[in-house]
Amino acid sequence: MALRATLRSKCGVSSLLSRLSSCSSHGRVCVSPVLVAQRRNNSTSPKLKVDFNQSTGVAVMHMQNPPVNSLSLGFLTEFCIAVEKLEMDKSCRGLILTSSQPKVFSAGLDIMDMYGKSPEHCAEFWRAVQEMWLKLYSSNMVTIAAINGSSPAGGCLMSLTCDYRIMADNPRYSIGLNETQLGIVAPFWFKDTMINTVGHRTTEMALELGLLYSSSDALKIGLVDQLVPEDQVLTTATKTVTKWLAIPDHARQITKSMMRKPTIDKLTSNREADIQFFVNFITKDSIQKSLGMYLEMLKKRKS
Amino acid sequence: MALRATLRSKCGVSSLLSRLSSCSSHGRVCVSPVLVAQRRNNSTSPKLKVDFNQSTGVAVMHMQNPPVNSLSLGFLTEFCIAVEKLEMDKSCRGLILTSSQPKVFSAGLDIMDMYGKSPEHCAEFWRAVQEMWLKLYSSNMVTIAAINGSSPAGGCLMSLTCDYRIMADNPRYSIGLNETQLGIVAPFWFKDTMINTVGHRTTEMALELGLLYSSSDALKIGLVDQLVPEDQVLTTATKTVTKWLAIPDHARQITKSMMRKPTIDKLTSNREADIQFFVNFITKDSIQKSLGMYLEMLKKRKS
Amino acid sequence: MALRATLRSKCGVSSLLSRLSSCSSHGRVCVSPVLVAQRRNNSTSPKLKVDFNQSTGVAVMHMQNPPVNSLSLGFLTEFCIAVEKLEMDKSCRGLILTSSQPKVFSAGLDIMDMYGKSPEHCAEFWRAVQEMWLKLYSSNMVTIAAINGSSPAGGCLMSLTCDYRIMADNPRYSIGLNETQLGIVAPFWFKDTMINTVGHRTTEMALELGLLYSSSDALKIGLVDQLVPEDQVLTTATKTVTKWLAIPDHARQITKSMMRKPTIDKLTSNREADIQFFVNFITKDSIQKSLGMYLEMLKKRKS
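In this report, we go over the structure that sits alongside the text. (Residues numbered from 1 in each chain as written. Chains lettered and ligands numbered in written order. Predicted model: local features only at pLDDT ≥ 70, side-chain atom pairs only at ≥ 80, totals over all residues. Heavy atoms only, no water.)

**A short note on the overall build of chain A**
At step 1: Scanning chain A from terminus to terminus reveals 12 helices and 11 strands.
At step 2: Taking all 303 residues of chain A together, the buried fraction comes to 62%.
At step 3: If you take every contact in chain A between residues at least 6 apart in sequence, the share linking residues at least 24 apart comes to 78%.
At step 4: When the accessible surface of chain A is totalled, it reaches about 11200 Å², and 56% of it is carbon and sulfur. (Helix = DSSP H or I, 4+ residues; strand = E, 2+ residues; numbered from the N terminus. Buried < 20%, exposed > 50% of the residue type's maximum accessible area, 1.4 Å probe, protein only. Contact = heavy atoms within 4.5 Å. Areas by Shrake-Rupley, 256 points an atom, 1.4 Å probe, with all protein chains shown as cover.)

**Focus on the side chain of Ser-99 of chain C**
All names here are of chain C.
At step 1: Here Ser-99 shows up in strand β4 (residues 94-99).
At step 2: For Ser-99, the side chain forms a polar contact with the main-chain nitrogen of Gln-101, separated by 2.9 Å.
At step 3: In terms of polar contacts, Ser-99 uses its side chain to reach the backbone carbonyl oxygen of Val-104, at 2.6 Å.
At step 4: Not counting residues up to four positions away in its chain, the partners in contact with Ser-99 are Met-63, Asn-69, Val-104, Phe-105 and Asn-148. (Polar contact = N/O pair within 3.5 Å; in protein donor to acceptor, adjacent residues only side chain to side chain.)

**Focus: the environment of Leu-97 of chain C**
Residue and element names in this part refer to chain C.
At step 1: Structurally, Leu-97 is set in strand β4.
At step 2: For the pair Leu-97 and Cys-80, spaced 17 residues apart in the sequence, the C-alpha separation amounts to 13 Å.
At step 3: For Leu-97, the contacting residues outside a window of four places in its chain are Met-61, Phe-79, Phe-105, Leu-136, Ile-144, Ala-145, Ala-146, Met-158 and Cys-162.

**Structural notes on the sheet that holds strand β1 (residues 48-53) of chain C**
Residues and elements named next belong to chain C.
At step 1: The 6 strands lie next to each other as β1-β2-β4-β6-β8-β11, forming an open sheet whose pairing is mixed. Of all strands in the sheet, those with a lone pairing partner are β1 and β11 (226-228), marking the two edges. With strand direction ignored, the average angle separating the axes of adjacent strands in the sheet is 20°.
At step 2: Across 4 bridges, the pairing between β4 and strand β6 (residues 142-147) is parallel. For Ile-96, the partnering residue across the bridge sits in β6 and is Ile-144. (Pairing = 2+ DSSP bridges. Axes fitted to C-alpha atoms, helices over the stretch in contact; angles between N-to-C directions.)

**Some remarks on the interface of chain A and chain B**
At step 1: Facing the 20 residues of chain A at the interface are 24 residues of chain B.
At step 2: Interface area lost by chain A to chain B is led by Pro-248, Met-258 and Met-259 of chain A, which between them contribute 32%.
At step 3: When the shortest N-O distance is used, the salt bridge between Arg-260 of chain A and Glu-204 of chain B registers 2.9 Å.
At step 4: The interface formed by chain A and chain B includes 6 residue pairs in polar contact (both at pLDDT 80 or more).
At step 5: Among the elements of the structure, β8 (164-168), α6 (188-198), α9 (233-245) and α10 (249-268) of chain A are those that each provide at least two residues to the side of chain A that touches chain B.
At step 6: The dominant element in the side of chain A that touches chain B, judged by the number of residues it contributes, is α10 of chain A, at 9 residues. (Buried area = accessible area lost by both parts, 1.4 Å probe. Salt bridge = Lys/Arg side-chain N within 4 Å of Asp/Glu carboxyl O.)

**What to know about the pattern of salt bridges**
At step 1: Summed over the entire model, instances satisfying the criterion amount to 48 salt bridges over all chains.
At step 2: Taken together, the shared-partner salt bridges connect Asp-163, Asp-225, Lys-256 and Arg-260 of chain A together with Arg-201 and Glu-204 of chain B into one network.

**A few points about the packing of aromatic side chains**
Geometry of an aromatic ring pair is reported as the spacing of the ring centres plus the angle between the planes.
All names here are of chain A.
At step 1: The full count for this structure, using the stated rule, is 21 aromatic pairs over all chains.
At step 2: The interplanar angle of 20° and the centroid separation of 5.1 Å between the aromatic rings of Trp-133 and Tyr-137 together place this pair among those described as stacked. Taken together, the residues span about one helical turn, with Trp-133 and Tyr-137 both in helix α4 (residues 119-137) at a distance of 4 residues. Here Trp-133 matches Tyr-137 in class, with each residue buried.
At step 3: Members of the aromatic cluster, joined through ring pairs, are Trp-126, Trp-133, Tyr-137, Trp-189, Phe-190 and Phe-278. (Phe/Tyr/Trp six-rings, centres within 6.5 Å; stacked < 30°, edge-to-face > 60°.)

The structure is reproduced here in structure tokens:
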């Protein structure tokens, strides 16, 4: 019923390492939680830049949490407040999510919020992850993901909550819920969101194998809706949101709610149990030890 | 939980008008409820022509409710009686639905049954819409939609209830649940029927945007099963029903029921609430005012 | 709620006969329950050959129940014991299912276990069919179907339970849940398994018409995942299982369970009712008479 980071098998760790090695030429595309940890203590600069255009009613939210827009507790808190603020502003009808970081949309959940932390901290972190999903998946705004870089795990989830996904047509960028490759399991509401997007069978295989799809494969299975050259991702998103806003808001919002409510209700009615499950799991000695080994290896790779 | 015609935003009305203008060259393809109202008072001719071939066990039902086969209370009542009659006739095993009107299969629900009417009338109308859906979606007969013209909204729903959909290969004909474009929301059972046909994600986008698909796009997403030249729609339907009737009736009927029962049960167990919801909504002053404005504009366009 | 063999209409029997005639040149591809019955009394040789490779952790299970790997009570009992044994063996992580018989993977349920048998026997048989499905669909092992021949009805079901399906690229081989063509209805858990694989609409049409798909059509609708030349089916399966085993077992198993548990729970919580339904149905005079006629016709065809 929740994220179950096993991270215990040699297999998981070695396949992860090979994955990291294989993309070392990409530089900052990979998840680098150690760097994230360093940054966190040094920086108080905002992790989001929100450009709201009053005349169009569309806000563009640029994620700028270097190096890879990890979804840390700090980032998620700031993110949820920003979305809430726009949601309350009746003049804001559309929201475009994009990244200010090169080559990555978001690398997903920040491991530093799961390692060596108190149960209370882990619970607070998980609640923030849930909150991000709930806010986006149930948003009354038209939400467009302008995916201008790789988008694994939590980054893929964030994209999946949007009404429409436009991805940079770059074979080096990938997207997918790849938790299983790392010995981790995507929780039920990640799974439900993916089933709603690409269907049961594609989700089953994607989640069992932790598949990351190239942009063109992602288009083929319906994980994203459109590919455009990288420099046109944001302009295409802007044109798309305009098209969606031509539909009467009220009718669109009720329709969206009708489509998504059962999936949302499933989490809201199991929220505390889902948190408890995550905390029990992530604070296990075996899991913490695996996380530690994983971070140690990342450090060695860096030096 | 029911049709929620908002029809209140300027956006909805203007986009509708532009839609009507843009297809003025098509003549009678568009919804023209004013004309329907005029006809209703003058005509007592049957709105359906049923040709039942005893030797094949197949009935062809030609809808002839000029100009656009609007699903009025009168039409729906006659339609349900005709379907019921065929259903009770053990010698009738197949039903082909088609249109006698040029360029249109059915333009959907008749707005005149929602405007300026008593709550009792609105309730009776909505019950008839439900009844049409229930009768067709649960029919023991093999049902084939021979879609020889445009089929928006309620016309699309009627097609979706059939076992198989053959559409005229004409780029000027379109099909889809486009309620949202008019500020209206397709009720949950419209949505469920579409999900059962084209899946969750395609339905979500189609309903949020109120998309009307060209015949070739409809084929691509699976909204129809086959395209043939317009003059072969009915002959192809006849050949298709023969193929389906080669399957033992009893096994086919039980299989059909197994596939559709959960969706049907959802409406039957919420039928009165669904009616009440519709009546409360449609009789609101704001909605009635919007409907009036809409009809006024149609009148001006006509003169 | 269960298999409902009607087998009563002339249509069903004649279409079956024509199907059998049309493939007489294929020799043993067709279901031949009479032969199966003869064999059963003469043979005590094992119906399965299991090759377990300790170094890879992968078992290959060759079905050898001549002539067409009918799923008889005897075969199913042996099969379930073998699967259970591998499941309990922690060193066995992958399972490949394939056939030793030429041209057929499995022809499905053995009619001889439904004809002229006591209610107790029928109940025991049905429980074994359920058990086969439950064991395979919930297996912790990576399961690959190496479909090296035709795979109708129960043979298709067996394939559908696997994690991945590789089929011989041979236009003479077909696969599908074709029960309806024989006047029989696939029970709800057959249906659910197919919906999970190819979606609601494709399943609806496939089951209503009892469609058997050529290997290339099966690939197109997603009923199988990959086609390879016949002599490469097993080697491809071996490569595929290796790829799947690179994923940490624990994470993959939890993910698989999360995807399949609702479907499995539906049968486990209705198991006795499903058996009772089957027994009541299959022991009806009319059904037994139809089965008898069917077997009589098969005998005539043989002589």
